Amino acid sequence: MAGEPQPDCLFCKIVSGEIPATIVRETETTVAFRDINPQAPTHVLVIPRVHHPDAAALAAAEPAIAADVLRETGQVAADEKIVDTGYRVVFNTGSGAGQTVFHAHAHVLGGRGLQWPPG
């Protein structure tokens, strides 16, 4: 059921503490941790504690928590000191867009030049 922890979800297991992660921030509704395969000097994932398969599903079901995720991306950028040099927030939706864990999450990327268009 949407919103409920899924037993086969990597990110649900990180939220529960079953799988370790390098956590950089936690709130009542979100967890932020370093990506294990960073694509930039700063690469942090911000996830909701509730399970929804992607950002659109999260926003439709729980818009306040979706806003919390987005708010936390800004806090991560501030904590990581990448606000002044710029950073990117990415929500991949679907396998064709590179989503590999089907639990809504935002990537916070910075610390190097980020080209446009992304690819």
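Just above, that's the structure.
The following refers to the structure shown. Remember, it's a predicted structure, so these values are computed and weren't measured experimentally.

**Quick notes on the overall build of the protein**
Part 1: Each helix and strand in the protein was counted, giving three helices and five strands.
Part 2: Starting at the N terminus and ending at the C terminus, the protein contains elements arranged as α-β-β-β-α-α-β-β.
Part 3: In terms of overall size, the protein behaves like a compact globule, its C-alpha atoms giving a radius of gyration of 14 Å where 119 residues would be expected to give roughly 14 Å.
Part 4: Across its three principal directions, the C-alpha atoms of the protein cover 40 × 30 × 25 Å.
Part 5: Scored against the burial criterion, the 119 residues of the protein give a buried share of 39%.
Part 6: When contacts within the protein are restricted to residue pairs at least 6 apart in sequence, long-range pairs at least 24 apart make up 52% of them.
Part 7: Of the side-chain charges in the protein, 8 are positive and 13 negative, and the distance between the mean point of each set is 8 Å.

**Overview of helix 3 (residues 63-79)**
Part 1: A rise of 1.5 Å per residue sets the reference length of helix 3, with its 17 residues, at 24 Å; its end C-alpha atoms lie 24 Å apart and thus fit the reference within 8%.
Part 2: Considered for burial, the residues of helix 3 that qualify are Ile 65, Ala 66, Asp 68, Val 69, Glu 72, Thr 73, Val 76 and Ala 77.
Part 3: Check the buried side of helix 3 and you find it contacts strand 1 (23-26), strand 2 (30-34), strand 3 (42-48), helix 2 (55-61), strand 4 (87-90) and strand 5 (106-110).
Part 4: Following helix 3 by one or two positions, Lys 81 has its phi on the positive side, about 60°.

**Here we look at the packing of aromatic side chains**
Part 1: This structure, assessed with the given rule, holds one aromatic pair.
Part 2: Considering the side-chain rings of Phe 11 and Phe 33, the 5.5 Å spacing of their centres and the 75° angle between planes classify their relative orientation as edge-to-face. Of this pair, Phe 11 sits in helix 1 (residues 10-16) while Phe 33 sits in strand 2, placing them 22 residues apart in sequence. Phe 33 carries the same exposure label as Phe 11, and that label is buried.

**A word on unusual backbone geometry**
Part 1: In this chain, Trp 116 is followed by Pro 117 through a cis amide linkage whose omega measures 0°.
Part 2: Even without glycine at this site, Lys 81 takes up a positive phi of about 60°.
Part 3: As for its placement among the helices and strands, Lys 81 is situated in the loop between helix 3 and strand 4.

**Regarding the state of the cysteines**
Such a bond, covalent and formed between the sulfur atoms of two cysteines, is termed a disulfide.
Part 1: As enumerated under the stated definition, the model contains zero disulfides in all.
Part 2: With no disulfide of its own, Cys 9 lies closest to Cys 12 among cysteine sulfurs, the gap being 3.7 Å.
Part 3: A relative accessible area of 5% means that Cys 9 is categorised as buried.
Part 4: Assessed through its relative accessible area of 8%, Cys 12 is described here as buried.

**Considering the pairing of strand 2**
Part 1: Of all five residues that make up strand 2, four are buried, and the element is covered over most of its length.
Part 2: Pairing of strand 1 with strand 2, which is carried by three bridges, proceeds in the antiparallel orientation. Opposite Ile 23, over in strand 2, you have Phe 33 as the bridge partner.
Part 3: Between the end of strand 1 and the start of strand 2, which pair antiparallel, lie three residues.

**What to know about the sheet that holds strand 1**
Part 1: With antiparallel pairing, five strands are arranged side by side in an open sheet as 1-2-3-5-4. Lying at the two open borders of the sheet, with one neighbouring strand each, are strand 1 and strand 4. For this sheet the average axis-to-axis angle between neighbouring strands, irrespective of direction, equals 20°.
Part 2: Across the face of the sheet, helix 3 comes into contact with strand 1, strand 2, strand 3, strand 4 and strand 5 while running at roughly 155° to strand 3.

Reading guide: rules and limits
The written sequence of each chain sets the order in which its residues are numbered from 1. Only residues with pLDDT of at least 70 are given local features in this predicted model, and only at 80 or more are side-chain atom pairs given and counted; all residues enter the totals for whole chains, interfaces and linings. No hydrogens and no water enter the side-chain calculation; it runs on all heavy atoms of the structure. Put simply, DSSP H or I for four residues or longer makes a helix, DSSP E for two residues or longer makes a strand, and each gets a number counted from the N terminus. The reference for a compact globule is 2.2 Å times residues^0.38; the radius of gyration itself is calculated from the C-alpha atoms. The buried label applies to any residue whose accessible area, calculated with a 1.4 Å probe on protein chains only, is under 20% of its type's maximum; exposed applies above 50%, and partly exposed to all values in between. What makes two residues a contact is simply this: any of their non-hydrogen atoms within 4.5 Å. Lys and Arg are tallied as positive, Asp and Glu as negative. Neither His nor the chain termini are counted. A single reference atom marks each charge: NZ on Lys, CZ on Arg, CG on Asp, CD on Glu. The span expected for a helix works out to 1.5 Å for each residue beyond the first. Note on aromatic pairs: the rings of Phe, Tyr and Trp (six-membered ring only in Trp) are paired at centre separations within 6.5 Å, and the planes decide the class, stacked below 30 degrees, edge-to-face beyond 60, tilted for the rest. The criterion for a disulfide is a pair of cysteine sulfur atoms lying within 2.5 Å. Strand pairing is assigned whenever DSSP detects at least two bridges linking the two strands. Axes, fitted as lines to C-alpha atoms, cover a helix only where it is in contact. Angles between the N-to-C directions of the axes lie from 0 to 180 degrees.

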